[in-house]
Amino acid sequence: MEKALVLMGCAIGAGLSMIAGIGPGIGEGYAVGKACEAIGRQPECRGPVTTTMLMGCAVAETTGLYGLIVSMLLIFVAPGMFIGRL
Amino acid sequence: MNVDITGAKILFRLPFGIVITETQVNMWIVMLVIALLCKFLTHNMKIKPAGKRQVIAEYLVKMASNFVKENMGEGFMKFTPFIAALFSLASFSSLSSLFGMYPPTSDLNTTLGWAIIVFVMITYYKIKTNGILGYAKGLTEPFAVMTPFNILGEFSTPISMAFRMFGNTASGAVISALLYAGLAWLSNLVLQWLPEALSSIPLLQLGLPAILSIYFDLFSSVLQAFIFCMLTMLYVSSAASND
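Residues numbered from 1 in each chain as written. Chains lettered and ligands numbered in written order. Predicted model: local features only at pLDDT ≥ 70, side-chain atom pairs only at ≥ 80, totals over all residues. Heavy atoms only, no water.

Points about the overall build of chain B
- When helices and strands are counted, chain B shows seven helices and two strands.
- In sequence order, the secondary structure elements of chain B are arranged as β-β-α-α-α-α-α-α-α.
- Its C-alpha atoms give chain B a radius of gyration of 23 Å, more than 25% over the compact-globule value 18 Å for 243 residues.
- Along the first, second and third principal axes, the C-alpha set of chain B runs to 75 × 60 × 40 Å.
- When contacts within chain B are restricted to residue pairs at least 6 apart in sequence, those whose partners lie at least 24 apart make up 65%.
- Distance from the positive charge centre (14 side chains) to the negative charge centre (11 side chains) of chain B: 13 Å. (Helix = DSSP H or I, 4+ residues; strand = E, 2+ residues; numbered from the N terminus. Rg over C-alpha atoms; globule rule 2.2 N^0.38 Å. Contact = heavy atoms within 4.5 Å. Lys, Arg positive; Asp, Glu negative; His and termini not counted. Charge placed at Lys NZ, Arg CZ, Asp CG, Glu CD.)

A short note on the packing of aromatic side chains
Residues and elements named next belong to chain B.
- Per the stated rule, a full pass over the model turns up nine aromatic pairs over all chains.
- With centroids separated by 5.4 Å and ring planes inclined at 35°, the aromatic side chains of Phe-119 and Phe-155 adopt a geometry described as tilted. With Phe-119 in helix α4 (residues 108-139) and Phe-155 in helix α5 (residues 147-190), the pair connects residues that are 36 residues apart, well separated along the chain.
- Using a relative accessible area of 18% as the deciding quantity, one classes Phe-119 as buried.
- For the ring pair Tyr-215 and Phe-219, a centre distance of 5.7 Å and an interplane angle of 35° mean the geometry is tilted. Linking Tyr-215 with Phe-219, this pair stays in helix α7 (residues 208-240), spanning four residues, or about one helical turn.
- Each residue in the set Phe-76, Phe-79, Tyr-124 and Tyr-125 is aromatic and connected to the rest through ring pairs, giving one cluster.
- A cation over an aromatic ring shows up here: Arg-53 above the ring of Phe-40, its NZ or CZ 5.3 Å from the ring centre. (Phe/Tyr/Trp six-rings, centres within 6.5 Å; stacked < 30°, edge-to-face > 60°. Buried < 20%, exposed > 50% of the residue type's maximum accessible area, 1.4 Å probe, protein only. Lys NZ or Arg CZ within 6 Å of the ring centre and 35° of its normal.)

Describing a nonpolar patch on the surface
Residues and elements named next belong to chain A.
- A surface patch of nonpolar side chains, about 890 Å² in accessible area, is lined by Met-1, Leu-5, Met-8, Ile-12, Leu-16, Ile-19, Ile-22 and Ile-26.
- Elements with a contribution of two residues or more to the nonpolar patch: α1 (2-17) and α2 (22-41).
- Examining the composition of the nonpolar patch, we find that four residues originate from one element, α1, more than from any other. (Patch = residues over 30% accessible without salt bridge, like charges linked within 9 Å, V, L, I, M, F, W, Y side chains within 5 Å. Areas by Shrake-Rupley, 256 points an atom, 1.4 Å probe, with all protein chains shown as cover. Salt bridge = Lys/Arg side-chain N within 4 Å of Asp/Glu carboxyl O.)

Focus on the confidence of the model for chain B
- Predicted confidence across chain B gives a mean pLDDT of 83, with 96% of residues reaching 70 or more.
- Taking the mean pLDDT of every element in chain B, the minimum, 68, falls on helix α6 (residues 196-199) of chain B and the maximum, 90, on helix α3 (residues 80-95) of chain B. (pLDDT = per-residue confidence, 0-100.)

Some remarks on the side chain of Thr105(B)
Residues and elements named next belong to chain B.
- Relative to the elements of secondary structure, Thr-105 occurs in the loop between α3 and α4.
- For Thr-105, a relative accessible area of 0% gives the class buried.
- Not counting chain neighbours up to four residues away, the residues in contact with Thr-105 comprise Ala-90, Ser-93, Ser-94, Thr-111, Trp-114, Met-165, Phe-166 and Thr-169.

Focus on the pairing of strand β2 (residues 18-21) of chain B
Residues and elements named next belong to chain B.
- Relative to β2, strand β1 (residues 10-14) is paired through four bridges, and the arrangement is antiparallel. Residue pairing in the sheet places Arg-13 in a bridge with Val-19 of β2.
- Hairpin connection between β1 and β2: a loop of three residues separates the two successive antiparallel strands, and Phe-16 in this loop has a positive phi of roughly 65°. (Pairing = 2+ DSSP bridges.)

Points about α3(B)
All names here are of chain B.
- Helix length check: α3, at 16 residues, gives a terminal C-alpha distance of 22 Å against a target of 22 Å (1.5 Å per residue), a fit within 8%.
- Inspection of α3 places Thr-80, Ile-83, Leu-86, Ser-88, Leu-89, Ala-90, Ser-91, Ser-93 and Ser-94 among the buried residues, and these make up the whole buried set.
- Buried residues along α3 sit in contact with α1 (22-42), α2 (52-72), α4, α5 and α7. (Expected span 1.5 Å × (residues − 1).)

Listed below in structure tokens is the structure:
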């Protein structure tokens, strides 16, 4: 019973921590939209704009990846740790 | 339906508790491949390029030095070998997942090691330009109350760099494993009416994983290597600039 509770808590927590994916999704979409606007206005700047956009996207993605790492820890590491302590 | 997602497997153990995992062995293979590639491209060089090999090598070197010059300026040209080595190591080790190997970059130890090297370089350049007192004073700005946050900020740079690369590669591996398992289950369900020998072949695994693999293995891994190098250059050149 306790094991089931621990596993349930870990699974729910892992799912909840991936809510962090919303933020980078919105942010990256906004950045890409603005980059498209910029390329549409000045097509000759395509190269530098694309590079800068990819950089910005990668940095914005970091917060989402933190959520991913927390959920991976909850799935792969936390159950073993807590069940071992019971 | 069993999904098998593991970290790096332990291959063998050395005395004194040293453990050799898949990460290290695959990294050695990647290093060997890069070294052999460099040897192959540069051996028997002439002043007038004779074959295609030397043209390719010159093109790669020129591209790397232009890349560093654009992003760091003329004064940092000595960083070209480091950046080129970092980029080739990162992209080749991520691309090794194309051959079904365990990519060394999906182990946090690898990426954290690179990030610590970058952190040491950043701190070295900050101390070199501002002096050790200037560096300590820079941590207390704008107010003395902010010191703990500034110190945290210093350490968050390598951690975010390491987690970014690790998270991208590892999430690709996890998603591919989940997709393979799900497709195997689905094709078992759909093809149940066929005789046993045919229905055990997961036919649905044919097309879809390839598309995902192009994104995760080819595009994302090279992009992450590029971003790691780009951030290294930006951080180091901003640490060395006197402002």
